[in-house]
Amino acid sequence: MKVVVQRSAVRMWLLAMGGIPLLVIAVDVLTSRRITNWLRELLFTPEDTQIYEPRDVIWAWALLFFSVFLVVWGLKELFMPTKVIEAQDDGLAVKLRGPFRKADFIAWENIADIEPGEIVDEGDVLLLLRIRLFTRGELPEHPWGARWVEAKVLGLLAQDWSATPARVAVQLG
């Protein structure tokens, strides 16, 4: 049986949709300013009205680039989701080094146990998948999207997964 864990399609769609209002405002400031002028007239009296300065245009360009990045990345993840975990015949391929990097491989012989878990981070309870290893091997010291919960226990953060850590642990077990 092949087990593949990907990011949640709903979260990625919401991320892409969240960038659209930012994109609209940025384009409005850089072009006709219809929306921003209407908001300015709604919020300020005519004698207290503010004018646009060069820094507003600079911020609009920054907002434009950021919003385009959000929309493109969200749509990319929606249509071609990244495999966070992929179970193979000889082990697990786990994404631990960030975007555009190859997945790290953990052989089944090096895995002692896989179980769901949680960790408290600054008052928030985060769900994770705990992978207990016999040795850390070549795995990164500071993994991306994961943490070393104990010396030989890797906790994969699961807040944006399509499946719960409990379900993934049962499938991998």
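Structure first, text after, so check above.
Residues numbered from 1 in each chain as written. Predicted model: local features only at pLDDT ≥ 70, side-chain atom pairs only at ≥ 80, totals over all residues. Heavy atoms only, no water.

Peer 1: Please clarify how the sheet that holds strand S6 (residues 124–133) should be interpreted in this entry.
Peer 2: Strands in a sheet are paired, the pairing made by backbone hydrogen bonds, and the direction either parallel or antiparallel. Here 4 strands make up an open sheet; going across it, the order is S5-S6-S8-S7 and the pairing antiparallel. On the outer flanks of this sheet lie strand S5 (111–121) and strand S7 (146–150), each paired with one strand and no other. When the angles between neighbouring strand axes are averaged without regard to direction, this sheet yields 30 degrees. Here 10 bridges tie S5 to S6, and the two strands are oriented antiparallel to one another. (Pairing = 2+ DSSP bridges. Helix = DSSP H or I, 4+ residues; strand = E, 2+ residues; numbered from the N terminus. Axes fitted to C-alpha atoms, helices over the stretch in contact; angles between N-to-C directions.)

Peer 1: Quick question: what am I supposed to make of the packing of aromatic side chains here?
Peer 2: One pass over the full model with this rule turns up 2 aromatic pairs. Here the basic side chain of Arg 136 rests over the ring of Trp 148, its NZ or CZ set 3.8 Å away from the ring centre. (Phe/Tyr/Trp six-rings, centres within 6.5 Å; stacked < 30°, edge-to-face > 60°. Lys NZ or Arg CZ within 6 Å of the ring centre and 35° of its normal.)

Peer 1: Just to check I follow, could you spell out the pattern of salt bridges for this structure?
Peer 2: Any two side chains of opposite charge can pair, so long as their charged atoms come close to each other. Here the structure, examined in full by the defined rule, presents 9 salt bridges. Across the salt bridge formed by Lys 83 and Glu 86, the nearest N and O atoms sit 3.8 Å from each other. Classification of Lys 83 by relative accessible area gives partly exposed; the value is 40%. A relative accessible area of 14% means that Glu 86 is categorised as buried. Each of Glu 115, Arg 130, Arg 132 and Glu 150 takes part in a single network of salt bridges with overlapping partners. (Salt bridge = Lys/Arg side-chain N within 4 Å of Asp/Glu carboxyl O. Buried < 20%, exposed > 50% of the residue type's maximum accessible area, 1.4 Å probe, protein only.)

Peer 1: Can you help me understand the layout of surface pockets in this one?
Peer 2: Unfilled space is identified by rolling a water-sized probe across the atoms. In this structure, the largest pocket spans a volume of roughly 240 Å³. If you trace the largest pocket, you find it lined by Arg 7, Phe 69, Val 72, Trp 73, Lys 76, Glu 77, Thr 82, Lys 95, Gly 98, Pro 99, Phe 100 and Trp 144. Residues belonging to the lining of the largest pocket are distributed by class as follows: 6 nonpolar, 2 polar and 4 charged. (1 Å grid on protein atoms, 1.4 Å probe; cavity = no way out; pocket = protein on both sides within 12 Å on 5 of 7 lines; lining within 4 Å. Points joined across faces, edges and corners; volume = space filled by probe spheres on them. Nonpolar A, V, L, I, M, F, W, Y, C, P; charged D, E, K, R; others polar.)

Peer 1: What should I look at first to understand the pairing of strand S8 (residues 153–157) in this one?
Peer 2: In summary, the side chains of a regular strand alternate between the two faces of the sheet. Taken across its 5 residues, S8 has 5 buried, putting it largely inside the fold. Covered by surrounding structure in S8 are Val 153, Gly 155 and Leu 157 together with Leu 154 and Leu 156, the residues of both alternating faces. Sheet topology note: the S7/S8 ladder contains 4 bridges and is antiparallel. Each residue of the ladder has a partner; that of Trp 148, found in S8, is Leu 154. The loop that links S7 with its antiparallel partner S8 comprises 2 residues.

Limitation: the analysis is restricted to geometry and does not speak to function.
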